[in-house]
Amino acid sequence: MTEADPTMPEHSHPDRAALDRLALDAAIAQAEKSRDEGGIPIGAALVTPDGVVVAAGHNMRVQAGDPTAHGEMSCIRAAGRRRDWHTLTMATTLSPCAMCAGAVVLHRIPRVVIGESRTFQGREDWLRDAGIEVVVVDDAGCVAMMERFIAEHPELWKEDIGVPGQ
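Just so it is clear, the structure is predicted and the values come from calculations on it, not from any experiment.

Q: Just to check I follow, could you spell out the confidence of the model for the protein chain for this structure?
A: Low-pLDDT portions of the prediction should not be read for the details of their coordinates. Averaged over all residues, the pLDDT of the protein chain equals 91, while 89% of them reach at least 70. Low pLDDT, under 50, characterises residues 1-12; the predicted model gives this stretch 14 contacts beyond four residues in sequence or across chains.

Printed below as a string of structure tokens:
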């Protein structure tokens, strides 16, 4: 990666944009993996400032029968014990729910790149209130993947996000 241009805002620097794309692409690959396994197509990845993917995970709630196995939680579990959380960027294909946003805050992950928040508005407010940089990419592929899943599996989607009944 090249040296940062001090005249450009950090969030718009080309290197930052490339890092965000790399991280989001890793998360999208995980979402596709979950979809292909019959699960909910949500993925996440953790990357270092120099672009190394240190962990990735996908929603395993259906596959594992575990209501806490969201994409971000699976990614954090895959990362194991670390001391560098404060240097990492988390990318997730969908706006993180309260549980996942809380885990990001707990681990002091300073940046979260979100593929989309149209189909579900998670707790981005909590992240921002905790001083975490939130970047919503509004990726058309992420939106299309979730819209298709929700249309094809509304009962599973409602179960995943805690909508009562039906």
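Q: Even after reading the chapter, I still don't get the side chain of D139, so can you show me in this structure?
A: Mapping D139 onto the fold places it in the loop between β5 (133-136) and α6 (140-152). If we skip the residues at most four places from it in the chain, D139 touches R21, L24, I28, G115 and E116.

Q: Would you mind going over unusual backbone geometry with me for this structure?
A: In terms of backbone geometry, most residues other than glycine have negative phi values and most peptide bonds are trans. We note that R108 has phi near 60°; this positive angle belongs to a residue other than glycine. Residue position: R108 is located in the loop between α4 (98-106) and β4 (111-116). One non-glycine residue, D138, adopts positive backbone phi at about 55°. Relative to the helices and strands, D138 resides in the loop between β5 and α6. Look at D138 and you get partly exposed, because its relative accessible area is 35%.

Q: When you look at the pattern of salt bridges in this model, what are you seeing that I'm missing?
A: Side chains bearing opposite charge may pair, as long as their charged atoms lie close to each other. Applying the stated criterion to the full structure yields twelve salt bridges. Salt-bridge contacts for R111 lead to D20; the nearest nitrogen and oxygen are separated by 2.9 Å. Placement of R111 in strand β4 and of D20 in helix α1 (residues 14-36) is noted, with a sequence separation of 91 residues between them. Each of the two residues, R111 as well as D20, counts as buried. A salt bridge links E159 to R61, with the nearest nitrogen and oxygen atoms 2.7 Å apart. A residue pair is termed long-range when its members are at least 10 positions apart, and E159 in helix α7 (residues 154-160) and R61 in helix α2 (residues 61-64) qualify at 98 residues. Among the residues examined, R61 registers a relative accessible area of 8% and is labelled buried.

Criteria and cut-off values
- Residues numbered from 1 in each chain as written.
- Predicted model: local features only at pLDDT ≥ 70, side-chain atom pairs only at ≥ 80, totals over all residues.
- Heavy atoms only, no water.
- pLDDT = per-residue confidence, 0-100.
- Contact = heavy atoms within 4.5 Å.
- Helix = DSSP H or I, 4+ residues; strand = E, 2+ residues; numbered from the N terminus.
- Buried < 20%, exposed > 50% of the residue type's maximum accessible area, 1.4 Å probe, protein only.
- Salt bridge = Lys/Arg side-chain N within 4 Å of Asp/Glu carboxyl O.

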